[in-house]
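# Remarks on the overall topology
Residue strings, one per chain:
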Amino acid sequence: MERAARLAQHFVAEQAPAPQLDTHATSLSVKGYNVAVLGAAGGIGQPLSLLLKLSPQVRELRLYDVANTAGVAADLSHIATAPRITSHSGADALPGALYGADLVVIPAGVPRKPGMTRDDLFNINAGIVRTLCEGVARFCPSAWVAVISNPVNSTVPIAAEVLRRAGTFNPSKLFGVTTLDVVRANTFVAEALGLDPAAVNVPVIGGHAGVTILPVLSAATPRLTVPEQQARALMARIQDAGTEVVKAKAGAGSATLSMAYAAARFAEACLRAMSGEPGVVECAYVASSVVKDLPFFASQLRLGPAGIAEFLPLPRLNALEQDNFEGMKEELVSSIAKGVGFMNGNDTCVREAVKQKEERSLCKRIPEPPLSTMMTQQQTDDTLRALLLKDLRIQCRARGINPGGSRDALRERVRDHMLETGDTTLVTEYNGEVAHGVPLPVENRADHAGEGAIGINNNNYNRTDGQNVGNFITDRPSSRVLAPPGGVTHWSFGGDNPAGDMFGAGAKKAAAAPMKQAAQARNVGEAHGGDDLIGAANLGEGGHNNNYSRPSGQNVGNFMTDKPSSRVLAPPGGGSSIVFG
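Quick look at the structure, then. What you are looking at is a predicted structure, and each value in this text was computed from that prediction instead of being measured. (Residues numbered from 1 in each chain as written. Predicted model: local features only at pLDDT ≥ 70, side-chain atom pairs only at ≥ 80, totals over all residues. Heavy atoms only, no water.)

### A word on the overall build of the protein chain
Using the following cut-off: Runs of H or I in DSSP of at least four residues are treated as helices and runs of E of at least two as strands, each being numbered from the N terminus. When accessible area is computed with a 1.4 Å probe and restricted to protein chains, residues below 20% of their type maximum are described as buried, those above 50% as exposed, and intermediate ones as partly exposed. Throughout, a residue-residue contact means that at least one pair of heavy atoms, one from each residue, lies within 4.5 Å. Where accessible areas are quoted, they stem from the Shrake-Rupley method and a 1.4 Å probe; at the residue level, only the protein chains shown are allowed to cover.
When you go through the protein chain residue by residue, the secondary structure sums to 18 helices and 13 strands. Residues counted as buried form 41% of the 581 residues belonging to the protein chain. Taking as baseline every contact in the protein chain between residues at least 6 positions apart, the subset at least 24 positions apart corresponds to 65%. Of the roughly 32,000 Å² of accessible surface on the protein chain, a fraction of 54% belongs to carbon and sulfur atoms.

### Quick word on the pattern of salt bridges
For clarity, the cut-off: A pair is scored as a salt bridge if a Lys or Arg side-chain nitrogen falls within 4 Å of a carboxyl oxygen belonging to Asp or Glu.
Evaluated as defined, the whole model comprises twelve salt bridges. One salt bridge in this structure joins arginine 302 and glutamate 310, with 3.0 Å as the shortest N-O distance. When its relative accessible area of 32% is taken as the criterion, arginine 302 is described as partly exposed. With relative accessibility at 34%, the residue glutamate 310 sits in the partly exposed group.

### Considerations on the pairing of strand β11 (residues 307–311)
Short version of the rule: Here, strands pair whenever DSSP counts at least two bridges between them.
Looking at chain direction, strand β10 (residues 296–304) and β11 are connected through four bridges and run antiparallel. Counted as the bridge partner of leucine 301 is phenylalanine 311 from β11. In textbook terms, the turn of a hairpin is the stretch between consecutive antiparallel strands, and for β10 and β11 this stretch comprises two residues.

### A look at helix α9 (residues 241–249)
Filter applied, for reference: Picture the helix axis, draw a direction to every C-beta atom, and the arc is the one those directions span.
What α9 keeps buried is the set Ala241, Gly242 and Val246. Projection of α9 onto a plane perpendicular to its axis shows the buried side chains occupying an angular sector of 145°, all on one side. Exposed residues lying more than 90 degrees from the buried face of α9 are Lys247 and Ala248. Along its buried surface, α9 packs onto α7 (179–193) and α8 (228–239). Alanine 250 sits one or two residues past α9 and shows a positive phi near 50°.

### A word on unusual backbone geometry
Cis geometry is found at the peptide bond from asparagine 150 to proline 151, where omega equals -5°. Residue position: proline 151 is located in the loop between β5 (144–147) and α6 (152–165). The omega torsion of the bond from threonine 221 to proline 222 falls at 0°, within 30 degrees of zero and hence cis. Assignment of secondary structure puts proline 222 in the loop between β8 (213–215) and α8.

### Side note on the nonpolar core
We apply this condition: Working definition of a nonpolar core: buried Ala, Val, Leu, Ile, Met, Phe, Trp, Tyr and Cys residues. They are joined through side-chain atoms within 4.5 Å.
Membership of the largest hydrophobic core comes to 64 residues, with the highest contact counts inside it found for Leu38, Leu98, Val104, Ile106, Leu217, Tyr285 and Phe297. Considering every element that reaches this core, the biggest residue donor is helix α11 (residues 319–343), with eight residues. Contact partners of leucine 217, with chain neighbours within four places excluded, come to Val189, Val202, Leu224, Ala231, Leu234, Met235, Ile238 and Glu321. With 42 residues, the next largest nonpolar core counts Leu103, Ala262, Leu271 and Leu303 among its residues.

### Regarding the packing of aromatic side chains
Applied cut-off: Here a Phe, Tyr or Trp ring, Trp counted by its six-membered ring, pairs with any other such ring whose centre lies within 6.5 Å, and the pair is stacked when the planes are under 30 degrees apart, edge-to-face when over 60, and tilted otherwise.
A complete count under the given rule lists five aromatic pairs for this structure. Seen in terms of ring centroids, phenylalanine 122 and phenylalanine 342 are 5.7 Å apart; in terms of plane orientation they differ by 80°. Their pairing is edge-to-face. Here phenylalanine 122, found in helix α5 (residues 122–139), pairs with phenylalanine 342, found in helix α11; they are 220 residues apart in sequence, far enough to count as distant. Judged by relative accessible area, which is 6%, phenylalanine 122 ranks as buried. Ring centres 5.8 Å apart and planes at 35° place the aromatic pair tryptophan 144 and phenylalanine 175 in the tilted group. Here phenylalanine 175 lies in strand β6 (residues 174–176) and tryptophan 144 lies in strand β5, a separation of 31 residues in the sequence. For tryptophan 144, a relative accessible area of 2% corresponds to the buried category. A relative accessible area of 0% means that phenylalanine 175 is categorised as buried.

### What to know about α6
Here is the rule we go by: Each helix should span, by expectation, one fewer than its residue count multiplied by 1.5 Å.
With 14 residues, α6 extends 20 Å from end C-alpha to end C-alpha; this agrees with the ideal 20 Å at 1.5 Å per step. For α6, a buried count of twelve out of 14 residues is recorded, marking the element as mostly surrounded by other parts of the structure. Where α6 is concerned, the buried positions are Val152, Asn153, Ser154, Thr155, Val156, Pro157, Ile158, Ala159, Ala160, Glu161, Val162 and Leu163. In this structure, the buried residues of α6 make contact with α5, β5, β6, β9 (280–287), β10 and α11. Backbone geometry just after α6 places glycine 167 at a positive phi near 75°.

### Considerations on the packing of helix α2 (residues 45–53) against helix α10 (residues 257–274)
The relative placement of two packed helices comes down to the angle between their axes together with the axis-to-axis distance. Short version of the rule: Every axis in this analysis is a line fitted to C-alpha atoms, fitted for helices over the stretch in contact. Angles between the N-to-C directions lie between 0 and 180 degrees. Each crossing gets its hand from how the near helix is turned against the far one by less than a right angle, where anticlockwise is left-handed and clockwise is right-handed. Gly counts as polar in this scheme, as do all residues outside two lists: the nonpolar Ala, Val, Leu, Ile, Met, Phe, Trp, Tyr, Cys and Pro, and the charged Asp, Glu, Lys and Arg.
It is at 8 Å that the axes of α2 and α10 come closest, and there the two elements cross at 40°. Note on packing geometry: the crossing formed by α2 with α10 is right-handed. For the pair formed by α2 and α10, the contact residues are Pro47, Leu48, Leu51 and Leu52 on the first element and Leu257, Ala260, Tyr261, Ala263, Ala264 and Ala267 on the second. Here the residues of the contact of α2 with α10 sort into ten nonpolar, no polar and no charged.

Right, dumping it as structure tokens:
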């Protein structure tokens, strides 16, 4: 019976173990991009993260906030879409959220409350944006950055300055998200025309606060033809739409849902452009030269795989829009100055901008004077303190100053140069020339007036201070030869001493040869205007001890003769004599 039972087992199908379910948030491997949302647990961050979880362009969605991030991540991870969700909570988790990110969206900050303007949010949100952008500069310097934190007119200049000081600023990849203004304009115009908002496009230029929001209704598609009074009402509603929501929520929040929708739309446009999709056009507030004296401005942009591919021309403005445009410029200048002043650690720029604004209101001065961006000594020290010794040497060489010495000495040298010239640019490598935009020392500028670009010396040997500028004295002995190689050799094995020949006429002739050459060179120099041709022969007359250090070049004084150019005045080794008796 036992044998029969064992045989029966061979005819019973073996049961496979029950399959185990994958407990990861997303088990599907997909192509796409890593997107980090900084402020994911807030009123904008949560719905924004929800919409990005639905995007087929996202591979991994990284949620960061100072608290309550884990619950949001767990909730979103149950949605059956491909993007993988990761949670990062607290300041120590910021590097993990940013490392390797392709797109960073920043909705972090406090919301507006009844009676608050965007400027009231500045002191709180400015510090938040600065800290987060410092992390971006360190852990994902090549990422696209979309700033939502208000006031955008000031926080984007802060982000730009943080990245610039870290040496990672790419103006083609930093954006202030103004898409909500476009969404609102499309919606309100569609209501006026009785159309689907998806079929309407209204370009919005300027900034992202109050009067700086300028919807160009005359350039709307399809064409909007309304009386001027109705156009004024539409423009005013678009500009004050944020306040409309704040009042309607009665202190319970601001425009979080519509802002999340607009930010998700802009993020999706960025990801499509990264993937190479052509014809991606969005409005955004960026570093721009479209409008004179406004270093940051919102306008229509064509996006490409590397960021901003093209600034589209501004639409033609009618009389109503032109009036708003002139009034908007003053407000934008003040907002930009506030961001720059915050980064400089003082409010000098802010006071100066207000003073200029008051003067323009009285005198109607146009254009506005440029804003100051000078750094204080303490800020310069703080910036340079983080640099290694090799980095400080690179800064010295790029500025044409002595790169030798200790770390403290180099830091002091670079700091003094920054404060004297006003140039605070930090270079990452040195290619052998003084960096563009770095002024030469005052005493040397006259010598290079005709050499082209400011601060560039194309011939490093053609400077009055010599090609060895920056060398320094140490206590290390130099290599020197006390006697010429070869000399005079005498072997004597008895008999007459030939010293009369060795130390007589022959030796005197050999010793006189260098002096004769120096005299010939001096005569040639006098014949060609007195230039010093051989430094050793003219040291007593104030000549250069470095033949390459003369302003006229190292080859000055050469001339053509009918004599062979290569000749040996004396055989190598001097004279030798061997006597055998």
